[in-house]
Each structure stands twice: as structure tokens, then as C-alpha cells.
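Residues per chain, in single letters:
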Amino acid sequence: MEALRVDDVRKSFRGDLSLRRREVLRGVSLWAEAGEILGFLGPNGAGKTTTIKIILGLLRPDSGSATIFGAPAGGRDAARRIGYLPETPYFHPHLSLREFLEFCGVLSGLSGAGLRGRIGETIDLVGLGPHAGRRLRGFSKGMLQRAGLAQAILHDPDLLVLDEPFSGLDPLGRKTVRDILVDLKGRGRTIFFSSHILPDMEALCDRTAIIREGTVTRSVTLDEIYRLGEGRVEVTARGCAPGTAHDLADYVESAQCSGGETFLLVRRQEFVRTVIQHLYRSGAEVLEVTNHHPSLEEVFLDEFAIRPSPGGTDPAKSRAVGAGAEGRAS
Ligand SMILES: Nc1ncnc2c1ncn2[C@@H]1O[C@H](COP(=O)(O)OP(=O)(O)OP(=O)(O)O)[C@@H](O)[C@H]1O
Ligand SMILES: [Mg+2]
């Protein structure tokens, strides 16, 4: 079942000093299946927050549509099923966390014992139990982000829409928020979130929609990302004879030398044996053979035409190998 669908949405705004409208969304289409985590990735100003506001019904599109579990965005049925964490949430500093959630609960139509029960469960779920009675003005950034998540999930929505849920958090804070989102997914909730932090996105998402200048240019699953690099293997060797790269040109996509070591990116899995045999015969020592999978970061950089060259010193590559080692086929 589809939890979220955005179909060919266009939106323009009038500039402050001109009467001409500028189109910031130029046909955005994306969807999320119920129970999956869909990431929304794009540079500043690409149109992520505008798209999110249209999903929430806070903005009306010029054309196109957004639906939540089949109901039109902005309607009561859609609103009941969405929990929202804004990009810059506002917290009443003088309220305690429990009072803040009471206030939010009343706004979403909860009351009495039902509301009290949900507040207790929600505070436990975000790990703020010991701080329920503390005023929000004493909360750290990470605690506030968890309080924001608590208000988003208080009415037990089926779809969570989170605008930059990791912004401003340190690695520990990011891990805490990640764990909460994984827990919510385990409870069958659908999560749509925007972020600039690629490793977080890579660790969490089933799919990622990449937006650029108001258009979703690409929608990739992690499995697709891993398949993109399937079969390409990197061989690291020491003491290669001059001309090795030339001799192996039919089998090797690129060869780079650095500090006496040579990194060879083998075109296909079945060529690895030939490459290694050639290296041994020419007196080289093979140090390492690694399956090469691109990371989300490489796909992203590729999308924006600033792809790093394949080589042993590329940090994206080592992360990709690490990601592959974390339970994915490599
Ligand atoms: N109310 C508005 N009036 C005029 N222009 C707007 C309005 N809201 C957004 N824009 C413009 O639309 C474009 C997209 O903005 P949006 O906030 O959706 O980007 P974003 O992808 O969320 O960026 P960021 O990563 O910085 O949060 C920007 O150029 C922004 O200036
Ligand atoms: Mg934004």
C-alpha cells in the first residue's frame, strides 16, 4: 500500500522585489510504500521544505497533487495520519516536556487518560523518561530534537514527515534519533525525512529520492546502489612493472599509482583472476582485493557532476566497502 504519493507537483513563488513568479518545484514526483523509510536528499534551496509543506497541506501546489494513504493532502483524513517535525521547531521554554506534550495532544484532539497514557509511552520511546518534568529551556539540542519527535508521534500517526531531523546533532545525538526511527519503522510506521547527512541517510533508508532544482532527478534503493557497482573489484598491488596499466587495459577501468602502490579498478568480476595472474607473473605483490560498491555519497556526487575519481584514497569508497560489509552482499 502507498503511504505517500506526490504527483508532478509544481509550485512558484513571487520574489520580494519583482512581480515575476519563480518556479521552485518543477514537477516533483515521489512515493513511499507503507512501512518503508524514504529519504529526501538535495542541496540547499532544492525544494525539500516546499515539497514537505505541500505534503502537509500547509502550501497548495500550482498543479499536481499529493495524497497520504490515498487521501488528499491538507484534508482531515490525511492530517490525522501524519506526524510532522518542522525544520526549525518552536518549543515553549517555560513548559515542562510533559506540559508541552499535553498542549500538543490537546491540539490534535487527545484528552484525559488516553492522552496521559500516550504521553507516557511517547516519552519512553524517545528516551526522555527521567526528564519529563523538566522545563524545555534546560534541554540540550539533542534532547529538544527528541522532544520534537515526541510531539510528532504523540497521536500515533502512520506516516512521519521529518524535515532535517538530524540537523545540529552530534554523532551520539544522531545515533539516538536514528535508533528511534528504526524502532518506529519496526512498529510499521512509514518515515519520510529530508537530510544532508549522507551516512545517516544511507544507514536508515530503504530508498532515497534525490531532488535538484525543483525536480526529483533520481530515486534509488540501497540495493540498486549496491548493484551499480556489482562486479567491479579493486586490486591493490605493490611493485608493479612499468606498463602494467597498458598491458591490462582490456580488463581494468582505471589504474592509479600512489606511494609505490597501484590501485586497479577491474571492470568485471571474471577478469580478476587474469589481472592477479598477470601481476604475479610480472613480479608484483598483490596486497588487497576488494569488491567495490558505490556509496550513496558517490551516487549523489555523480548526480551533481562532481564525482571523485575511483582510487584508494577516496573516503566515500572506504565507507562504501564498510557499508557492504554490514550485512549486504559484497
Ligand atoms: N514563501 C516563499 N517565498 C518565496 N520563495 C520561497 C518561499 N519558500 C521557499 N522559497 C524559495 O524556494 C526555493 C526552495 O526552498 P526550500 O526551502 O524548499 O529549499 P530546501 O531544499 O528545503 O533548502 P534547505 O536545504 O536550505 O532547507 C528556495 O530558493 C527558496 O528561497
Ligand atoms: Mg529546507
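Scroll up for the structure.
Quantities reported herein were computed from a predicted structural model and do not represent experimental measurements.

Each value, and the rule that gives it
Sequence order as written defines the numbering, with residues in each chain counted from 1. Chains carry letters and ligands carry numbers; both start at the beginning, A for chains and 1 for ligands, and go up in the order they are written. Owing to the predicted nature of the model, reporting of local features is limited to residues with pLDDT of at least 70; listing and counting of side-chain atom pairs is limited to 80 or more, with chain, interface and lining totals taken over all residues. Processing note: side-chain calculations cover all non-hydrogen atoms of the structure and skip hydrogens and water entirely. Elements are defined by DSSP. Helices are runs of H or I of four residues or more, strands are runs of E of two residues or more, and each kind is numbered from the N terminus. Working definition: with a 1.4 Å probe on protein chains only, accessible area under 20% of the residue-type maximum means buried, over 50% means exposed, and in between means partly exposed. Contacts: residue pairs with any heavy atoms within 4.5 Å of one another. Where accessible areas are quoted, they stem from the Shrake-Rupley method and a 1.4 Å probe; at the residue level, only the protein chains shown are allowed to cover. For the purposes of this section, nonpolar cores are sets of buried Ala, Val, Leu, Ile, Met, Phe, Trp, Tyr and Cys residues that join through side-chain atoms within 4.5 Å. All the domain ranges listed were derived from an automatic or database domain assignment. For Na, K and Ca the donor cutoff is 3.2 Å, while for all other metals N, O and S atoms count as donors only within 2.8 Å; water does not appear among the atoms, so some sites may look incomplete. In this description, one arc is meant: the one made by directions from the helix axis to the C-beta atoms. What makes a salt bridge here is a side-chain nitrogen of Lys or Arg within 4 Å of a carboxyl oxygen of Asp or Glu, nothing more. Whether a residue is near a molecule or strand depends on its heavy atoms: if one lies within 4 Å, it is near. Distance and chemistry together define a polar contact, namely a pair of N or O atoms within 3.5 Å, with one atom able to donate a hydrogen and the other to accept it when in protein, and with adjacent residues in sequence counting only for side-chain atoms on both sides. For Phe, Tyr and Trp, where Trp contributes only its six-membered ring, two rings pair if their centres lie within 6.5 Å, and the inter-plane angle classes them as stacked under 30 degrees, edge-to-face over 60, or tilted in between. A ring is scored as having a charge over it whenever the NZ atom of a lysine or the CZ atom of an arginine sits within 6 Å of its centre and within 35 degrees of its normal.

Student: Explanation requested: the overall build of the protein chain in the structure shown.
Tutor: Counting its regular elements, the protein chain contains 12 helices and 14 strands. Within the protein chain, buried positions represent 45% of all 330 residues. Counting contacts in the protein chain only where the partners sit at least 6 residues apart, residues at least 24 apart contribute 69% of the total. When the accessible area of the protein chain is evaluated, it comes to approximately 16200 Å², of which 49% is carbon and sulfur surface.

Student: It is not clear to me how unusual backbone geometry should be interpreted in this structure. Could you clarify?
Tutor: Positioned with a positive phi, aspartate 156 is a non-glycine residue whose angle comes to about 55°. Along the chain, aspartate 156 falls in the loop between helix H5 (141-153) and strand S7 (159-163). Aspartate 156 sits in the partly exposed class, given a relative accessible area of 37%. One non-glycine residue, glutamate 164, adopts positive backbone phi at about 55°. If you trace the backbone, glutamate 164 turns up in the loop between S7 and helix H6 (171-186). Given a relative accessible area of 8%, glutamate 164 falls into the buried group.

Student: Help me understand the nonpolar core in this model?
Tutor: Most often, soluble globular proteins keep nonpolar side chains buried together rather than apart. One finds Leu97, Leu181 and Phe193 to be the most contacted residues of the largest nonpolar core, which totals 45 residues. The element best represented in this core is H5, accounting for six residues. Of the domains in this structure, domain 1 (2-224) and domain 2 (229-325) are the two that each give at least three residues to this core. Phenylalanine 193 has contacts with Ile37, Leu38, Gly39, Phe40, Leu162, Pro165, Phe166, Met201, Leu204 and Cys205, leaving out every residue within four places of it along the chain. Among the nonpolar cores identified, the runner-up in size contains 28 residues, and Val9, Ile52, Ile68 and Phe192 belong to it.

Student: What am I meant to see in the coordination of the magnesium ion (ligand 2) here?
Tutor: Six octahedral donors around a metal ideally make angles of 90 or 180 degrees; four tetrahedral donors ideally make 109.5 degrees. For the magnesium ion (ligand 2), the protein coordination sphere consists of Thr49 (OG1) and Glu87 (OE), at 2.0 to 2.5 Å. Taken as a pair, threonine 49 in helix H1 (residues 48-56) and glutamate 87 in the loop between strand S6 (82-85) and helix H3 (97-107) lie far apart in primary sequence, 38 residues in all. Residue class for glutamate 87 comes out partly exposed when judged on its relative accessible area of 39%.

Student: Even after reading the chapter, I still don't get the environment of glycine 47, so can you show me in this structure?
Tutor: Checked against the element boundaries, glycine 47 lands in the loop between strand S3 (37-41) and H1. Counting along the chain gives 21 residues from glycine 47 to arginine 26, while the straight-line C-alpha distance between them is 9.5 Å. Once residues within four sequence positions are removed from consideration, glycine 47 is found in contact with Leu25 and Ile211.

Student: Could you clarify how one ought to interpret H1 in this entry?
Tutor: Residue pairs three or four apart in sequence face the same way in an α-helix, which turns once every 3.6 residues. Within H1, eight of the nine residues are buried, which leaves it mostly tucked inside the rest of the structure. For H1, the set of buried residues is Lys48, Thr49, Thr50, Thr51, Ile52, Ile54, Ile55 and Leu56. Phi turns positive one or two residues past the end of H1, at glycine 57, with a value near 80°.

Student: Would you mind showing me how to read helix H10 (residues 272-281) here?
Tutor: Those residues of H10 lying buried are Val272, Val275, Ile276 and Leu279. For H10, the arc enclosing every buried residue in end-on projection is 95°, short of the 170-degree limit, so these residues lie on one face. Turned more than 90 degrees from where H10 packs its buried face, Arg273 and Arg281 sit exposed. The elements touched by buried residues of H10 are strand S11 (233-238), helix H9 (244-247), strand S12 (252-258), strand S13 (261-266) and strand S14 (285-291).

Student: Honestly, the pattern of salt bridges in this entry has me stumped. Any pointers?
Tutor: It is possible for side chains of opposite charge to pair when their charged atoms get near one another. This structure, assessed with the given rule, holds 16 salt bridges. Residue aspartate 62 is joined to lysine 11 by a salt bridge in which the shortest nitrogen-to-oxygen separation is 4.0 Å. Placement of aspartate 62 in the loop between H1 and strand S4 (63-68) and of lysine 11 in strand S1 (residues 2-14) is noted, with a sequence separation of 51 residues between them. Its relative accessible area of 43% is what places aspartate 62 among the partly exposed residues. Residue lysine 11 is classed as buried on the basis of its relative accessible area, which comes to 10%. Close ionic contact of arginine 187 with aspartate 183 constitutes a salt bridge, the shortest N to O distance being 3.4 Å. Relative accessible area serves as the criterion here: at 30%, aspartate 183 is assigned to the partly exposed category.

Student: Hey, could you run me through the site of ligand 1 in this one?
Tutor: Neighbouring residues of ligand 1: 13 residues in total, closest Arg22, Gly45, Lys48, Thr50 and Glu87. Contacts to ligand 1 include arginine 22, whose side-chain N or O atom sits 2.7 Å from an oxygen atom. For ligand 1, an oxygen atom lies 2.8 Å from a polar atom in the side chain of lysine 48. Among the elements of the structure, strand S2 (21-33) and H1 are those that each provide at least two residues to the shell around ligand 1.

Student: Even after reading the chapter, I still don't get the packing of aromatic side chains, so can you show me in this structure?
Tutor: Describing an aromatic ring pair means giving the distance of the ring centres and the angle of the ring planes. All chains considered together, the criterion is met by four aromatic pairs. Ring centres of phenylalanine 40 and phenylalanine 192 lie 5.1 Å apart, and the angle between their planes is 35°; this geometry places the pair in the tilted category. A residue pair is termed long-range when its members are at least 10 positions apart, and phenylalanine 40 in strand S3 and phenylalanine 192 in strand S8 (residues 190-194) qualify at 152 residues. Here the basic side chain of arginine 81 rests over the ring of phenylalanine 69, its NZ or CZ set 3.8 Å away from the ring centre.

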